[in-house]
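# Overview (structure and organization)
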Amino acid sequence: MIEAAMVGRDGVVGAAASLDGKISLSRAIVQLAGDAMLCEVSTLKGAAMQSENLLSLLIRHEQTVYAQAQQSTACMATHHGEARLCRWLLRARDLARSDTLLFTQEFLAEMLGLRRTSVSVVAHTLQQAGMIKYRRGKIEILNVEGLEESACECYGTVNSHYRALLGPPPK
Ligand SMILES: [Zn+2]
């Protein structure tokens, strides 16, 4: 299991079902605690069929998820672990709207397709550089600019796709 895309306060999980998607092509896992809204597929589909704006929004949202999955594939093939972990932490921070993230190294390794020892080495390096503080499954982001400089370009690419398709992220 490797992560292909992350959806948070800016998005929807399973929106394709309301666009007549017949099967789920991926598995969704809740990574962080928080509030979410639940909606019946038939209700969302009905609303989308009555509103061209909502239909367009859902399609464009699904495009951002697809774009993330494409970017993740390229990222895993070409970018090294430290840059990928920085990108991942920045994206998780954006979606959680918090500098404190509760993730174990095992979980990070699984999501990024890295060995746990690799995640441990990278986390140590980032901590030594003062970018994060990591302790027992709790990551505190201390230096966002530093993480942005160390992240691969995929973070910016995914954000630019998002802005182009959906506009600025919600405040
Ligand atoms: Zn990348």
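Residues numbered from 1 in each chain as written. Predicted model: local features only at pLDDT ≥ 70, side-chain atom pairs only at ≥ 80, totals over all residues. Heavy atoms only, no water.

## Description of the packing of helix α3 (residues 81-96) against helix α5 (residues 116-128)
- Relative orientation of the contacting elements α3 and α5 amounts to 70 degrees, with a least axis distance of 10 Å. Judged on the interaxial angle alone, α5 and α3 are roughly perpendicular. On the side of α3, the interface is formed by Gly81, Glu82, Leu85, Cys86 and Leu89, while α5 contributes Val122, Ala123, Thr125 and Leu126.
- The residue makeup of the contact of α3 with α5, split by class, is 6 nonpolar, 2 polar and 1 charged. (Axes fitted to C-alpha atoms, helices over the stretch in contact; angles between N-to-C directions. Helix = DSSP H or I, 4+ residues; strand = E, 2+ residues; numbered from the N terminus. Parallel < 35°, antiparallel > 145°, perpendicular 65-115°, else oblique. Contact = heavy atoms within 4.5 Å. Nonpolar A, V, L, I, M, F, W, Y, C, P; charged D, E, K, R; others polar.)

## A look at the packing of aromatic side chains
- For the structure shown, the criterion picks out 2 aromatic pairs.
- Ring centres of Trp88 and Phe103 lie 4.8 Å apart, and the angle between their planes is 75 degrees; on these two criteria the pair is classed as edge-to-face. On the criterion of sequence distance, the pair formed by Trp88 in helix α3 and Phe103 in the loop between β1 (100-102) and α4 (105-112) is long-range, its members being 15 residues apart.
- Looking at Trp88, the relative accessible area reads 2%, which means it is buried.
- Given a relative accessible area of 3%, Phe103 falls into the buried group.
- Ring centres 5.4 Å apart and planes at 5 degrees place the aromatic pair Phe103 and Phe107 in the stacked group.
- The rings of Trp88, Phe103 and Phe107 are connected pair by pair, giving a single aromatic cluster. (Phe/Tyr/Trp six-rings, centres within 6.5 Å; stacked < 30°, edge-to-face > 60°. Buried < 20%, exposed > 50% of the residue type's maximum accessible area, 1.4 Å probe, protein only.)

## Points about the coordination of the zinc ion
- Taken together, the protein ligands of the zinc ion are Cys75 (SG), His79 (ND1), Cys152 (SG) and Cys154 (SG), with distances of 2.1 to 2.3 Å.
- Considering all 4 donor atoms around the zinc ion, the spread of angles at the metal, 99 to 117 degrees, places the coordination shape in the tetrahedral class.
- Mapped onto the sequence, the residues coordinating the zinc ion show the spacing C-x3-H-x72-C-x1-C.
- Judged by its relative accessible area of 1%, Cys154 is buried. (Donors = N, O, S within 2.8 Å, 3.2 Å for Na, K, Ca; no water. Tetrahedral: all angles 85-135°; square planar, octahedral: opposite > 155°, others 65-115°.)

## With respect to the packing of helix α2 (residues 52-78) against α3
- Where α2 contacts α3, the axes come no closer than 11 Å and their chain directions differ by 155 degrees. Between α2 and α3, the crossing angle belongs to the class labelled roughly antiparallel. The crossing of α2 and α3 is left-handed. Taken together, the residues of α3 that come into contact with α2 (itself represented by Gln68, Ser72, Cys75 and Met76) are Arg84, Arg87 and Arg91.
- A breakdown of the residues in the contact of α2 with α3 according to their chemical character gives 2 nonpolar, 2 polar and 3 charged. (Left-handed = near helix turned anticlockwise from the far one by under 90°.)

## Some remarks on the sheet that holds strand β3 (residues 138-141)
- An order of β1-β3-β2 is seen for the 3 strands of this open sheet, with the pairing classed as antiparallel. For this open sheet the edge positions go to β1 and β2 (132-135), each flanked by a neighbour on one side alone. Between one strand and the next, the sheet's axes are offset by a mean angle of 15 degrees, whatever the strand orientation.
- Two elements, β1 and β3, share 3 bridges in a ladder whose sense is antiparallel. Residue pairing in the sheet places Leu101 in a bridge with Ile139 of β3.
- Along the sheet, α3 contacts β1, β2 and β3; its crossing angle with β1, the most-contacted strand, is approximately 105 degrees. (Pairing = 2+ DSSP bridges.)

Shape descriptors only; they carry no functional weight alone.
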